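Survey of secondary and tertiary structure
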Amino acid sequence: MQLTNQTCIVDFFPEALIAEADENKGMKVVVKRFNKRVTFRANGMKSYSTIGMIDAKNEWMERIANGAEVTDYNTEKMDRSEYMPMSC
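Residues numbered from 1 in each chain as written. Predicted model: local features only at pLDDT ≥ 70, side-chain atom pairs only at ≥ 80, totals over all residues. Heavy atoms only, no water.

1. Overview of the pairing of strand β3 (residues 26-40)
On a regular strand, each side chain points to the face opposite its neighbour's, so the side chains alternate between the two faces of the sheet. As judged from the 14 bridges shared by strand β2 (residues 8-22) and β3, these two strands associate in the antiparallel manner. Residue pairing in the sheet places E20 in a bridge with K28 of β3. The antiparallel hairpin formed by β2 and β3 contains three residues in its connecting segment. By the bridge criterion, seven bridges tie β3 to strand β4 (residues 46-52) in an arrangement that is antiparallel. Bridge pairing in β4 places T39 opposite K46. Between β3 and β4, which pair antiparallel and follow one another directly, the connecting turn spans five residues, one of which, G44, has a positive phi of 80°. (Pairing = 2+ DSSP bridges. Helix = DSSP H or I, 4+ residues; strand = E, 2+ residues; numbered from the N terminus.)

2. Section: the nonpolar core
Listed in full, the 11 residues of the largest apolar core are M1, L3, C8, V10, F12, F34, V38, I51, A56, W60 and A68. Mapped by element, the contributors of at least two residues to this core are β2, β3 and α1 (53-65). Here this core gets three residues from one element, more than from any other, and that element is β2. Apart from residues lying up to four places away in sequence, A68 is in contact with L3, T4, N5 and R63. (Core = buried A, V, L, I, M, F, W, Y, C linked by side-chain atoms within 4.5 Å. Buried < 20%, exposed > 50% of the residue type's maximum accessible area, 1.4 Å probe, protein only. Contact = heavy atoms within 4.5 Å.)

3. As for the sheet that holds strand β5 (residues 69-72)
Within the open sheet, the five strands sit side by side as β4-β3-β2-β1-β5. Their pairing is antiparallel. Of all the strands in the sheet, the pair left with one neighbour each is β4 and β5. Strand-to-strand twist in this sheet, taken as the mean axis angle between neighbours without regard to direction, amounts to 30°. Seen against the sheet, α1 touches β1 (2-4), β2, β3, β4 and β5 and runs at an angle of roughly 125° to β4. (Axes fitted to C-alpha atoms, helices over the stretch in contact; angles between N-to-C directions.)

4. Quick notes on the pattern of salt bridges
One pass over the full model with this rule turns up six salt bridges. The shortest N-O distance in the salt bridge between E15 and R80 comes to 2.9 Å. Taken together, the positions of E15 in strand β2 and R80 in the segment after β5 put the pair 65 residues apart, joining distant regions of the chain. We classify R80 as partly exposed; its relative accessible area is 33%. Each of D11, R37, K46 and E82 takes part in one network of salt bridges that share partners. (Salt bridge = Lys/Arg side-chain N within 4 Å of Asp/Glu carboxyl O.)

That is the geometry; function is a separate question.
This is the structure in C-alpha cells:
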C-alpha cells in the first residue's frame, strides 16, 4: 500500500509471506511483515524500516484518519538492491 500526504509518501511492501491452514480454502497466504519506506517530499530523502502486520494496520488507520490518501498498492516485495535489513 502507498499512502500520500502533504509531507511524505509512505510505501508498505509485503516482506514475510506465510502459508497458513484455512478451513474453507485449505491453504492461504498471509502477510506477517512489511518493509516500510518513507520518502520525504521536500528533499527526497528516504527512511526504511520493517514492521509487523498489527503495527502496519494501526499506522494505515492513523495516517488515513489524518488525511493521507491511498495512492497505490504494492503487491510485490521491495527490490533487494534498494533495502536489505540486517539479520541476526
